[in-house]
Each structure stands twice: as structure tokens, then as C-alpha cells.
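# Chain and residue survey
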Amino acid sequence: HDSWRRLCPEGSLSMSIRLRLALWYTTLAGIVFALLGTVSYVFHVRAHYDELDLTLAATADHAAAEIAASSDISHLGSGSGVLEIALRLYDRNTALQETLPADSSLPAVSPSELMSSPVRYAFDVLARWAPSRMIPPSTVFKGAFGLIETDDERWRSYIRPVEQDGIVIGYVEAITSLHRLDDSIRAFRQSLLTLSVMSLGGIFLISWATASGALRPVSRMIDAAKEIARSRDFRRRVVVSRQQDELSHLATAFNDMLANLEASYRAQQRFVSDASH
């Protein structure tokens with residue numbers, strides 16, 4: 001409450017206007033920041049998750065092609081070639097055959113349920129209707145994406161059938177943890193919010209300083225009016241700015257009013273003096 005009184009003391013119209021102008025500019029900037037920041041954040045984050053989906057699909061497609069071309073369909077061959085992406089091979093009855101690299105901490109997934117379920121997005125915002133910048137519209141995925149959520153982290157999965165002569169002989173799944181990407185996105189979001197708040201604070205201070213400079217002639221007129229009311233000295237004048245703006249016109253009109261008051265006051269004094277004689 002004391003801080004508010006210092007910003008807007010009673011009887012100080014210029015301080016109130018300064019505060020309102022600063023708040024208006026800051027609010028307008030906040031709306032613009034919110035719109036631009038949200039759009040930038042959504043498309044930036046969407047691009048990262050889409051890029052990961054493309055990598056998973058390419059890894060699974062490569063492994064499926066190797067298995068389909070080999071005589072031994074029970075092994076994954078050379079592996080994914082990407083350390084953070086694991087591969088799992090299932091037979092035609094969706095029974096797990098092999099994991100590469102071997103890692104028992106991978107979450108379980110049902111290939112048949114995943115293949116029959118609708119596509120799930122790792123980043124749902126705008127994903128269902130906004131066009132992707134990473135995935136061309138002509139891209140056709142031969143498998144299905146899944147999102148597995150555990151108590152500690154999220155996993156992104158892509159599974160596709162392996163076919164020989166048009167017959168499904170098994171399934172290949174490419175899976176990776178979203179832990180690093182999710183943490184990176186959270187850090188990016190926090191940085192974006194922090195920069196936005198700091199920018200709005202700077203805009204408020206700049207708006208306050210700009211409004212203070214623009215309203216300084218009004219403050220001078222208020223001080224002059226108070227001094228004239230106290231001393232009854234109508235010879236005082238307000239400095240008129242060289243800029244031909246509304247405030248300079250107001251200062252000129254204020255000086256003209258003071259000149260008329262001075263003339264009326266002197267005429268009244270002469271009349272009283274003549275009447276007393």
C-alpha cells in the first residue's frame with residue numbers, strides 16, 4: 001500500500017497517468033509476447049519431436065529390411081546404429097524374440113494393441129491439425145507410433161511389421177527414452193518464461209521513463225499553478241517546448257491564461273487604488 005502511494009500520491013495526476021501508460025504498454029507487450037512466444041514454442045518443440053519420430057521410423061525400417069532380406073528372421077542383425085535407440089524383435093504372434101542392445105529396463109509394450117490403436121503424439125499441442133515442418137505431407141509410415149509413460153519418464157515407440165513376399169513374419173520396434181528431450185524442452189520453456197518476464201520488466205521501466213519525460217511539461221504547469229495560488233504572482237510563466245505538440249499548445253494556452261489573469265488582477269488593483277483615493 002505504501003509503495004502504491006509513492007507511485008500515485010494524492011493530487012498528482014501526472015503520476016497516475018505515468019503509471020497507467022506504463023501498465024498499458026506493458027500489458028500490450030505482454031499480449032504480443034504471449035502470442036508470439038506460444039506460437040514459436042509450439043512449432044519449435046513440435047519440430048524436435050517430429051525429428052525424433054522420423055529417426056525412429058527410419059531405424060525400424062532399416063532393421064525390418066535387413067530381417068526381410070536374411071534367412072534368419074529371429075535375429076536383428078547389426079542393430080540400430082544409434083546408441084539411444086533400442087530395437088526389439090517380435091515374432092508373428094507378437095512374442096518377444098530379441099532386444100538390441102539387451103536392456104531389461106525397457107518398458108513393456110503390446111505390438112498388436114499398438115498397431116491397432118490410433119496414432120499418439122509425443123507433443124499433442126497442434127499436432128492433430130497443424131502441418132509439420134519436419135515430416136513431408138507425402139510421408140507414409142508403415143507402422144504405428146506409441147507413447148509409453150512410466151513413473152519416471154516417457155518413452156517413444158515405433159513398431160512396424162516385417163514382411164516377406166507380402167506375408168507378415170514378425171514385428172520390429174524402435175524405442176527410445178524421451179527423458180533428455182523432455183528435460184531440454186522444460187529448460188527451454190523456463191528460459192522463455194524468464195526472458196519474457198525480464199523483458200516485460202524492462203518495457204515497464206522504459207514506458208515509465210518515456211511517460212515521465214512526455215508528461216514533464218504537465219508537472220511544470222502543476223507546480224506553476226500551485227506557486228501562483230500560493231504567492232498570487234501572475235507574472236510567472238511556463239516554459240513552452242519547441243516541439244509543436246499538444247503539450248506545447250497547452251503550455252501556450254496556460255501562459256495566455258496567466259497573462260489575462262495578470263491583466264485582470266492589475267486592472268482590479270488600479271480600480272481599488274483609484275477608488276480609495
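If you're wondering where the values come from, they're calculated on a predicted model, not measured in any experiment. (Residues numbered from 1 in each chain as written. Predicted model: local features only at pLDDT ≥ 70, side-chain atom pairs only at ≥ 80, totals over all residues. Heavy atoms only, no water.)

Attention now goes to the overall build of the chain. When you go through the chain residue by residue, the secondary structure sums to six helices and five strands. Across the 277 residues in the chain, those meeting the buried criterion constitute 33%. Long-range contacts, defined as pairs at least 24 residues apart, comprise 60% of the intrachain contacts of the chain with a sequence gap of at least 6. When the accessible area of the chain is evaluated, it comes to approximately 17500 Å², of which 59% is carbon and sulfur surface. (Helix = DSSP H or I, 4+ residues; strand = E, 2+ residues; numbered from the N terminus. Buried < 20%, exposed > 50% of the residue type's maximum accessible area, 1.4 Å probe, protein only. Contact = heavy atoms within 4.5 Å. Areas by Shrake-Rupley, 256 points an atom, 1.4 Å probe, with all protein chains shown as cover.)

Under the definition given, this model contains three aromatic pairs. Relative to phenylalanine 188, the ring of tyrosine 41 has its centre 5.9 Å away and its plane inclined at 10 degrees; by these criteria the two rings are stacked. Here the residue tyrosine 41 occupies a position in helix α2 (residues 13–69), and phenylalanine 188 occupies one in helix α4 (residues 179–214), the gap between them amounting to 147 residues. For the ring pair phenylalanine 145 and tyrosine 158, a centre distance of 4.7 Å and an interplane angle of 45 degrees mean the geometry is tilted. (Phe/Tyr/Trp six-rings, centres within 6.5 Å; stacked < 30°, edge-to-face > 60°.)

Cis geometry marks the peptide bond from leucine 100 to proline 101; its omega dihedral reads -10 degrees. If you trace the backbone, proline 101 turns up in the loop between β2 (96–100) and α3 (111–116). Despite not being glycine, threonine 94 shows a phi value in the positive range, around 65 degrees. Position of threonine 94 among the secondary structure elements: in the loop between β1 (86–91) and β2.

Another aspect to go through is the sheet that holds strand β4 (residues 154–164). Read across the sheet, five strands follow the order β2-β1-β5-β4-β3 without closing on themselves; strand pairing throughout is antiparallel. Looking at strand neighbours, the two that pair on one side only are β2 and β3 (144–149), the edges of this open sheet. Neighbour-to-neighbour, the strand axes of the sheet open up by a mean angle of 25 degrees, direction not taken into account. (Pairing = 2+ DSSP bridges. Axes fitted to C-alpha atoms, helices over the stretch in contact; angles between N-to-C directions.)

Right, let's get into the pairing of β3. Here β3 lies mainly inside the structure; five of its six residues are buried. Bridge count for β3 against β4 is six bridges, and the pairing is antiparallel. When the sheet's bridge partners are listed, glutamate 149 is paired in β4 with arginine 154. Between β3 and β4, which pair antiparallel and follow one another directly, the connecting turn spans four residues.

What follows is about a nonpolar patch on the surface. A contiguous nonpolar surface patch, about 360 Å² in accessible area, is contributed by Leu28, Val32, Phe33 and Leu36. By the element assignment, phenylalanine 33 lies in helix α2. Assessed through its relative accessible area of 31%, phenylalanine 33 is described here as partly exposed. (Patch = residues over 30% accessible without salt bridge, like charges linked within 9 Å, V, L, I, M, F, W, Y side chains within 5 Å. Salt bridge = Lys/Arg side-chain N within 4 Å of Asp/Glu carboxyl O.)

When pLDDT is averaged across the chain, the result is 78; 79% of the residues are at 70 or more. Here residues 1–7 is modelled with pLDDT under 50, and outside its nearest four sequence neighbours on either side it reaches five contacts, counting other chains as well. Confidence drops under a pLDDT of 50 for residues 9–14, and excluding neighbours within four residues, the segment shows four contacts in the predicted structure. (pLDDT = per-residue confidence, 0-100.)

At 3.6 residues per turn, the α-helix brings residues three or four places apart onto the same side. For helix α5 (residues 216–231), which comprises 16 residues, the first-to-last C-alpha distance of 22 Å matches the rise-based estimate of 22 Å (1.5 Å per residue) to within 8%. Backbone geometry just after α5 places arginine 232 at a positive phi near 55 degrees. (Expected span 1.5 Å × (residues − 1).)

Glancing now at the side chain of threonine 26. Along the chain, threonine 26 falls in helix α2. Setting aside its immediate chain neighbours within four residues, threonine 26 contacts Leu200, Ile203 and Phe204.

Time to look at α4. Its 36 residues give α4 an end-to-end C-alpha distance of 52 Å, which sits within 8% of 52 Å, the value for a rise of 1.5 Å per residue. Burial in α4 covers these residues: Leu181, Asp182, Ile185, Ser207, Trp208, Ala211 and Ser212.

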